[in-house]
Amino acid sequence: MATGTDLDELLRSLRVWAPERTKLPPLDPTATPERPLPLFTTWFAEAVAAGEPEPHVMSLATRDGDGLPDVRMVMLHGADEEGWAFATHSTSRKGHQLKGYPYAALAFYWPRLGRQIRLRGPVLPATPTESQTDLHAHSTGALAAALTGHQSEPLSSLDELSQASEAAWELAQREPKTPAPSWTLYRVFPDEVEFFQGDALRRHVRLSYVRVERGWSRELLWP
């Protein structure tokens, strides 16, 4: 087991944006689109091209009933003018939190390009039909995981999980359109979207989009 000293040494040995692994492209704010979605789409495609292993994975931050923050990693299910989408069980911890306070923040980090994208805004669930259509558009494993259910509930043992998962896999393979009623597609409708481009001299470019009455306003932020 690593000690505190070991951790300190490891931290000091690490480099941010090591040039042999990282390309820091420029960001010209004057050449950016008027809306955040086209820039997000471009950056996402460039993250894929740069070999980011999981560019569609993002952090999702919510708050609980006591107003305390919670965060976890989830998968992006799509982004369009209707919002940035992810899915989970409505009965899960984050499902309950979103029901009590339907507002969330998302963050993407693509280290090979020195880029982050942060957004936050109100959250709305999709219809049950749309949620099930989204679920069945994904892999058998995704369906099996959804059918296993009980997300965030106490688990007595790994054997219990194994048995439930085996039964879910068998059902998902036999009946690939089996519904998972609590599985819900959610969309974040951002009020703010920030694009962060790292710079080797720490002159990072932060471009913020803020939703206004007729579209979006753009402004630069100090790094």
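Residues numbered from 1 in each chain as written. Predicted model: local features only at pLDDT ≥ 70, side-chain atom pairs only at ≥ 80, totals over all residues. Heavy atoms only, no water.

**Looking at the nonpolar core**
Residues F40, W84, F86, F108, I117 and F195 are the most contacted members of the largest nonpolar core, which totals 28 residues. Among the elements of the structure, α2 (36-49), β1 (57-63), β4 (83-89), β5 (103-110), β6 (115-125), β7 (183-188), β8 (192-197) and β9 (205-212) are those that each provide at least two residues to this core. No other element matches the five residues that α2 contributes to this core. Contact partners of F40, with chain neighbours within four places excluded, come to L76, A79, W84, F108, W110, I117 and F195. (Core = buried A, V, L, I, M, F, W, Y, C linked by side-chain atoms within 4.5 Å. Buried < 20%, exposed > 50% of the residue type's maximum accessible area, 1.4 Å probe, protein only. Helix = DSSP H or I, 4+ residues; strand = E, 2+ residues; numbered from the N terminus. Contact = heavy atoms within 4.5 Å.)

**Comments concerning the packing of helix α5 (residues 140-148) against helix α6 (residues 158-174)**
Contact geometry for α5 and α6: axes closest at 8 Å, N-to-C directions at 130 degrees. The angle between α5 and α6 places the two elements in the oblique class. For the pair α5 and α6, the sense of crossing is right-handed. On α6, the residues touching T140, G141, L143, A144, L147 and T148 of α5 are L161, A164, S165, A168, W169, L171, A172 and Q173. When the residues that make up the contact of α5 with α6 are grouped by side-chain class, the tally is nine nonpolar, five polar and no charged. (Axes fitted to C-alpha atoms, helices over the stretch in contact; angles between N-to-C directions. Parallel < 35°, antiparallel > 145°, perpendicular 65-115°, else oblique. Left-handed = near helix turned anticlockwise from the far one by under 90°. Nonpolar A, V, L, I, M, F, W, Y, C, P; charged D, E, K, R; others polar.)

**A short note on the packing of aromatic side chains**
One pass over the structure, following the stated rule, counts 10 aromatic pairs. Look at F44 and W110: their rings are 6.1 Å apart centre to centre, the planes differ by 75 degrees, and that puts the pair in the edge-to-face class. Of this pair, F44 sits in helix α2 while W110 sits in strand β5, and the two are 66 residues apart along the sequence. Given a relative accessible area of 23%, F44 falls into the partly exposed group. Ring centres of F86 and Y186 lie 5.6 Å apart, and the angle between their planes is 15 degrees; on these two criteria the pair is classed as stacked. With F86 in strand β4 and Y186 in strand β7, this residue pair connects regions lying 100 residues apart in the sequence. Through pairs of rings, three or more aromatic residues link up here, namely F40, F44, W84, F108 and W110. Of note, R115 hangs over the ring of W43, and the distance from its end group to the ring centre comes to 4.1 Å. (Phe/Tyr/Trp six-rings, centres within 6.5 Å; stacked < 30°, edge-to-face > 60°. Lys NZ or Arg CZ within 6 Å of the ring centre and 35° of its normal.)

**Regarding unusual backbone geometry**
In this structure, H150 takes a positive phi of about 65 degrees despite not being glycine. Summarising the element assignment, H150 is placed in the loop between α5 and α6. You will see that S152, though not glycine, has its phi angle at about 80 degrees, which is positive. Assignment of secondary structure puts S152 in the loop between α5 and α6.

**What to know about the pattern of salt bridges**
Any two side chains of opposite charge can pair, on the condition that their charged atoms come close. Going through the model one piece at a time under the given rule, you end up with 11 salt bridges. Of the charged contacts in the structure, one is a salt bridge between E82 and R187, with a shortest N-O distance of 3.8 Å. Taken together, the positions of E82 in the loop between β3 (78-80) and β4 and R187 in strand β7 put the pair 105 residues apart, joining distant regions of the chain. Relative accessible area serves as the criterion here: at 13%, R187 is assigned to the buried category. Between R120 and E192 there is a salt bridge, and its shortest N-O distance comes to 3.0 Å. (Salt bridge = Lys/Arg side-chain N within 4 Å of Asp/Glu carboxyl O.)

**Observations concerning a nonpolar patch on the surface**
Taken together, L7, L11 and L14 make up a surface patch of nonpolar side chains, about 320 Å² in accessible area. Take L14: it is sitting in the loop between α1 (4-13) and α2. Take L14: its relative accessible area is 59%, and that puts it in the exposed class. (Patch = residues over 30% accessible without salt bridge, like charges linked within 9 Å, V, L, I, M, F, W, Y side chains within 5 Å. Areas by Shrake-Rupley, 256 points an atom, 1.4 Å probe, with all protein chains shown as cover.)

**Quick look at the environment of L185**
Tracing the backbone shows L185 in strand β7. Given a relative accessible area of 5%, L185 falls into the buried group. Along the chain, L185 and P223 lie 38 residues apart, while their C-alpha atoms are 34 Å from each other. Setting aside chain neighbours within four positions, we find L185 in contact with H77, A85, F86, A87, L124, P125, A126, E130, S131 and D134.

As far as function goes, none of this settles anything; it's purely spatial.
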